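A closer look at the structure
The lines below spell out each chain.
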Amino acid sequence: MSDNRKITISSSLTAAHNAMRVMGRGSPALRPETIAVRAGAEIDPDTGALSPPLHLSTTFEHGPASEAIHGFRYAREKNPTQLRLEAALRDLEGGLAAVVFSSGMAAAAAVLQTLKPGSHVIFSDDIYIDVRNLARDFLPVWGIDSSIENLQDLDGLSRALRPSTKLIWIETPSNPLLKILDIQSLSLIARQAGALLLVDNTFATPILQRPLSLGADVVLHSTTKYCGGHSDVQGGCLIVKSQELLDKLLHVREILGAVASPFGSWLILRGLRSLPCRMERHSANGNAVAAALAACPSVQTVYYPGLPSHPGHHVARRQMKSFGAMLSFLVRGGREEALGVASRVKLFVNATSLGGVESLIEHRASNEGKLSRVPQNLLRVSVGLEHPDDLIEDLLQALA
Ligand SMILES: *Cc1c(COP(=O)(O)O)cnc(C)c1O
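Residues numbered from 1 in each chain as written. Predicted model: local features only at pLDDT ≥ 70, side-chain atom pairs only at ≥ 80, totals over all residues. Heavy atoms only, no water.

1. A few points about the site of the ligand
The immediate surroundings of the ligand are formed by 15 residues, with M105, D200, S222, T224 and K225 found nearest. Take M105: an N or O atom from its main chain is 2.8 Å from an oxygen atom of the ligand. Within the side chain of T224, a nitrogen or oxygen atom sits 2.7 Å from an oxygen atom of the ligand. Within the complex, 94% of the 370 Å² of free accessible area of the ligand lies under protein. Here the shell around the ligand is composed, by residue class, of four nonpolar, eight polar and three charged. (Near = heavy atom within 4 Å. Polar contact = N/O pair within 3.5 Å; in protein donor to acceptor, adjacent residues only side chain to side chain. Areas by Shrake-Rupley, 256 points an atom, 1.4 Å probe, with all protein chains shown as cover. Nonpolar A, V, L, I, M, F, W, Y, C, P; charged D, E, K, R; others polar.)

What follows is the structure in structure tokens.
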């Protein structure tokens, strides 16, 4: 490999750091599969280890006047394992930088904490329930206004904009209705209005969809889900394009303290190595399961953007590489019938969360509780990496 395909983690780091090379940035020729395997994977200069060393140290030797002679001082500011993960996420999404947090919700809160009192935020109408709860319970306390809009209606967005609108927050595909929003069109409207567009890209992952290249300003991931990929680590991240926002987010993270742990970062980085392979199989399985459900007489509706009947199918085709492995479906009948299906599955596990190797099923209205607006006969499925025929047989016997 030629030297110009290698780059340093960050020009602001010390010489010791600059010796640590990562691939990806400034090398558009590299494909996502290669970036996923190699970004942040520079060989440890001290030992030659290929697997990144896990630095648990909270404190690092500095100079007498607190000079960061090795590039680090205190783990809450930054630590070496976390920087490797950030390099990989940055390169996968094609941003200026990534900032990793202790959870997806910590990342979500950090963006909102960069806004000044008096700002206004627009959220799309089908978003992760706890982001909705964050907006309802905390934004008023912080002096920030918010509204929830159907952003499939672009004129509706234009009407909802205010001079104080600083951020438009979307999720596509959305949780749990798998709605598709047009990132490119929304980013043009946001830009004209002087607002940032944030895309929660958790369901798609950077392998299936790269919102920054479609005009978005910020990408959010719950790395707990597909990035980690094995249901064993909590994390979140933001990938940004602007230095100004990056500086604000680093300040929020350092002072409010929701940092990603070294071990958590290490596990998520390990998960990223196989993300492209996993997403290929996840998507193939998701397609197969969606088609089987759509053909089942006990199923009223399947929400999966890969189905040609899905209202967002055309936009999804344009902005996604494939359609992923999250889907929801309505069981004919009501709550009782849906709970009956969830109780009869043998292979699918009744559990919340998503994006792990194992297939999960969830009665989403029960999970979300009293305020949920999710239909009572809806089941959400995270299709895992088992053989699709085993998964389909399991669902069909539960639906019989
Ligand atoms: C899980 C999830 C979050 C929150 O992430 P945590 O890691 O659970 O804090 C945010 N957005 C989406 C779409 C999610 O699925």
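2. A short note on the pairing of strand β3 (residues 97-101)
With five of five residues buried, β3 lies mostly within the body of the structure. Burial of the side chains of β3 extends over both faces: A97, V99 and F101 are buried on one face and A98 and V100 on the other. For β3 and strand β9 (residues 236-240), the ladder comprises five bridges, and the chain directions are antiparallel. Each bridged residue has a counterpart across the sheet, and for A98 the counterpart in β9 is I239. (Buried < 20%, exposed > 50% of the residue type's maximum accessible area, 1.4 Å probe, protein only. Helix = DSSP H or I, 4+ residues; strand = E, 2+ residues; numbered from the N terminus. Pairing = 2+ DSSP bridges.)

3. Thoughts on the pairing of strand β11 (residues 326-331)
Counted residue by residue, β11 has six buried out of six residues, so it is predominantly covered. Residue alternation in β11 divides its side chains into two sets, M326, S328 and L330 and L327, F329 and V331, and both sets are buried. Pairing between β11 and strand β14 (residues 378-382): five bridges, direction antiparallel. Bridge pairing in β14 places L330 opposite L378.

Read these as spatial facts, not as claims about activity.
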